[in-house]
Amino acid sequence: MEDLRDKEYFQKRASEEMSQHLKRNQRSLRETLAQACRIIALHEGDAGLAGQISARSERGNGHYWTLRFGLGFDEATPEDFIEVDQDLHTVTGTGMANPATRFHLWVYQARPDVKSIVHTHSPYVSALAAAGQPLIVCQMDMTPFYENCAFLPEWPGLPIADQEGVIISGALGSKKAIVLINHGQLTAGVSVEEATYLSVYLERAASLQLRASVLGPLSPVPGELAKDARDYLLKPHVVGATFDYWGRMAERVPRKMNTLL
């Protein structure tokens, strides 16, 4: 039997093969945003009109694209996205932005690397937030959040003014996700696909944590192994292929009114 090869060999090989075989679907920004909304709705990430999604505009100067206010994630189409300026005035499209997207401006201002933001009141993350519990990375699927999920321990109130944005962006820091006490979750990605991927997996992570906690003490993933898994699961090809898969799932599900629990 040949000598055992180290993990670096397999990491390099996997990356090369993903580049060759995982071909992405080509979509416009608004098509990608609409697909993201359907994915989030499919995974029960929405809560009426409380959630938001946005993407930084190429126009710059605080402009971003977002779903026009009054629509749920499950009914979003590419035509339903509007471009707004830093005062939330609509500059492209018809309609108004959700006033609560104002705090997105502060995240974009503080984080040039962030190209898209998802904010939801998904059930399990909201349960963690209601209990005042930070996320504990205790299973492999949770590792994208190892040293990558902040916790805001005090609710600043409805985020429709500037101060809430200052507080939330400050608490997020350089991380890609945050659990907001008494509120919900926010994910900040280098793409719409990454912000969506993180949002869905953060809800799954919260679900795992809450279910496992009734069985006994949680067993955190060891640090170096958690970092290794985090970096692998956040590879752009993994994120993109997962987003496309979830998109195909969403397209197979008929649109219907969500049941409020």
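A quick note: this is a predicted structure, and the numbers were derived from the prediction, not measured. (Residues numbered from 1 in each chain as written. Predicted model: local features only at pLDDT ≥ 70, side-chain atom pairs only at ≥ 80, totals over all residues. Heavy atoms only, no water.)

### Here's the deal with the UniProt feature "domain: Class II aldolase/adducin N-terminal" (unreviewed entry) in the protein
Piece 1. Using the residue numbers shown here, the UniProt feature "domain: Class II aldolase/adducin N-terminal" (unreviewed entry) corresponds to residues 31–210.
Piece 2. Taken as a whole, residues 31–210 contains 33% helix and 19% strand, while its terminal C-alpha atoms sit 34 Å from one another. (UniProt positions renumbered as here; feature names shortened; annotations may be inferred. Helix = DSSP H or I, 4+ residues; strand = E, 2+ residues; numbered from the N terminus.)

### Examining the packing of helix H4 (residues 123–131) against helix H6 (residues 192–213)
Piece 1. Interaxial distance between H4 and H6 falls to 7 Å at its minimum, and their mutual angle equals 60°. Overall, the two elements H4 and H6 adopt an arrangement that is oblique. Handedness of the H4/H6 crossing: left-handed. Of the residues in H6, those touching H4 at Pro 123, Tyr 124, Val 125, Ala 127 and Leu 128 are Leu 202, Glu 203, Ala 206, Ser 207, Gln 209, Leu 210 and Arg 211.
Piece 2. Residue composition of the contact of H4 with H6, by class: eight nonpolar, two polar and two charged. (Axes fitted to C-alpha atoms, helices over the stretch in contact; angles between N-to-C directions. Parallel < 35°, antiparallel > 145°, perpendicular 65-115°, else oblique. Left-handed = near helix turned anticlockwise from the far one by under 90°. Contact = heavy atoms within 4.5 Å. Nonpolar A, V, L, I, M, F, W, Y, C, P; charged D, E, K, R; others polar.)

### Concerning the pairing of strand S1 (residues 52–56)
Piece 1. The element S1 is extensively covered by neighbouring structure, given that four of its five residues are classed as buried.
Piece 2. Where S1 meets strand S2 (residues 64–67), three bridges bridge the pair, whose relative direction is antiparallel. Across the sheet, the residue bridging to Arg 56 is Tyr 64, located in S2. (Buried < 20%, exposed > 50% of the residue type's maximum accessible area, 1.4 Å probe, protein only. Pairing = 2+ DSSP bridges.)

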